[in-house]
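This is what each chain is made of:
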Amino acid sequence: MTITLITGANKGLGFESARRLLALGHDVWIGARDAGRGRTAAAELGARFVHLDVTDDASVDSAAATLRAEAGRVDVLINNAGVGGGGSPADQLTAAEVQRVFEANVFGPVRVIHAFLPLLLAAQAPSVINVSSGLGSFHEMTRSEWAPFGSVAYSSSKAALTMATVQYARAIPAVRFNAVDPGFTATDLNRFTGTQTVEEGTDAIVRLATGGAGAATGTFTDRTGPVPW
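In this report, we go over the structure that sits alongside the text. (Residues numbered from 1 in each chain as written. Predicted model: local features only at pLDDT ≥ 70, side-chain atom pairs only at ≥ 80, totals over all residues. Heavy atoms only, no water.)

### Details of the packing of aromatic side chains
Just so we agree on the cut-off: When the centres of two rings from Phe, Tyr and Trp lie within 6.5 Å, Trp using its six-membered ring, the rings pair. Their planes under 30 degrees apart give stacked, over 60 give edge-to-face, and anything left gives tilted. A simple rule labels every residue: compare its accessible area, found with a 1.4 Å probe on the protein chains alone, to the largest value its type can have, and call it buried under 20%, exposed over 50%, or partly exposed in between.
Within the structure shown, the criterion is met by two aromatic pairs. Judged by centre distance (5.1 Å) and plane angle (15°), the rings of tyrosine 168 and phenylalanine 177 are stacked. On the basis of relative accessibility, which here comes to 0%, the residue phenylalanine 177 falls in the buried class.

### Considering the sheet that holds strand β6 (residues 176-180)
Test applied: When DSSP locates at least two bridges between a pair of strands, those strands are taken to pair. The secondary structure listing takes helices from DSSP runs of H or I that are at least 4 residues long and strands from runs of E that are at least 2 residues long, numbered from the N terminus. Throughout, a contact is declared for two residues whenever any of their heavy atoms are within 4.5 Å. Axis definition: a line fit to C-alpha positions, over the contact stretch in the case of helices; interaxial angles, taken between N-to-C directions, run 0 to 180 degrees.
Spatially, eight strands are ordered β3-β2-β1-β4-β5-β6-β7-β8 in an open sheet, and the strand pairing comes out mixed. Both outer strands of the open sheet, β3 (48-51) and β8 (225-226), are each paired with one neighbouring strand and no more. In this sheet, β6 lies alongside strand β5 (residues 127-131) in parallel orientation, the contact comprising five bridges. Bridging across to β6, asparagine 130 finds its partner in alanine 179. Packing of helix α1 (residues 12-23) onto the sheet brings it into contact with β1 (3-7), β2 (27-32) and β4 (76-79), and relative to β1 it is tilted by some 165°. Seen against the sheet, helix α6 (residues 152-171) touches β5, β6 and β7 (220-222) and runs at an angle of roughly 160° to β6.

### Comments concerning the packing of α1 against helix α2 (residues 35-45)
The relative placement of two packed helices comes down to the angle between their axes together with the axis-to-axis distance. Just so we agree on the cut-off: Just so you know how the angles are binned, under 35 degrees is roughly parallel, over 145 roughly antiparallel, 65 to 115 roughly perpendicular, and the rest oblique. With the far helix as reference, a near helix turned anticlockwise by less than a right angle produces a left-handed crossing, and one turned clockwise produces a right-handed crossing. Polarity classes work like this: nonpolar for Ala, Val, Leu, Ile, Met, Phe, Trp, Tyr, Cys and Pro, charged for Asp, Glu, Lys and Arg, and polar for all others, with Gly in that last group.
At a minimum axis distance of 10 Å, the contact between α1 and α2 shows a crossing angle of 30°. With respect to α2, the axis of α1 lies roughly parallel. Along this stretch, α1 crosses α2, giving a crossing that reads as right-handed. Facing α1, whose interface residues are Phe15, Ala18, Arg19 and Leu22, α2 presents Ala41, Glu44 and Leu45. Across the contact of α1 with α2, the residue classes break down as five nonpolar, no polar and two charged.

### Here we look at the nonpolar core
Rules: Buried Ala, Val, Leu, Ile, Met, Phe, Trp, Tyr and Cys residues that are joined via side-chain atoms within 4.5 Å together make up what is termed a nonpolar core.
Counting 26 residues, the largest nonpolar core has Leu5, Leu52, Leu67, Val74, Leu77, Phe116 and Phe177 as the members making the most contacts within it. Those elements that place two or more of their residues in this core are β1, α3 (57-70), α4 (95-121) and α6. Here valine 74 is in contact with Ile3, Leu5, Leu67, Phe116, Leu119, Leu120, Ala123 and Pro126, once residues within four sequence places are set aside. Listed in part, the 23 residues of the second largest apolar core include Ala9, Ala47, Ile78 and Ala209.

### Some thoughts on the packing of α3 against α4
For the pair α3 and α4, the least separation of the axes is 9 Å and the interaxial angle reads 20°. By the angle between their directions, the pair α3 and α4 is classed as roughly parallel. For the element pair α3 and α4, the recorded crossing hand is right-handed. Taking contact as the criterion, the partners of Asp57, Val60, Asp61, Ala63, Ala64, Leu67 and Arg68 in α3 are, on α4, Arg111, Val112, Ala115, Phe116 and Leu119. Among the residues forming the contact of α3 with α4, the class breakdown is eight nonpolar, no polar and four charged.

Here it is, written out as structure tokens:
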């Protein structure tokens, strides 16, 4: 059975990814910083829960210790947890505001990968999927209709996450690392204004999570295929 850990999985894209992967036979662990909401989500889906706050070293290390003891490995790690914000006008933006966004969206996945890498390497065909965004794509932000959107903090954090994914893929070939753009999906991150359903938004995540040993690595894709950088 494929053992899958999803961070920030008590709602939105993480919750829907968990639902779909459970239906495909994965043993899904829901990671959430709010223990109450995480346990409720896990109980609703029939998943397992682990307390995991991606911005806290001790929390991430404790979660890794729990999965080491109870599962022994992680086949698929989905770094879904993240925050919006950082939307102040550029001339008013502070370093503290940017740091808060990067703490969850960039340092969080790095923190989780570092803690869980031994468990990933214990799997036969390990995969890490980082949930990025088209708002972090240089192409989208300069040459498409999405150019007026995004923000200094959020967009740059997602650009950094996508680049980190590529560098991990090159540095650790034993693990497949890929970034995904869910697309403009209706979640609380955009006050449910997105034009896609959460099922559509998780298509790329599910495809990569079920790709097996022959799947690609070092890619940036959405539900339709490769995304321009």
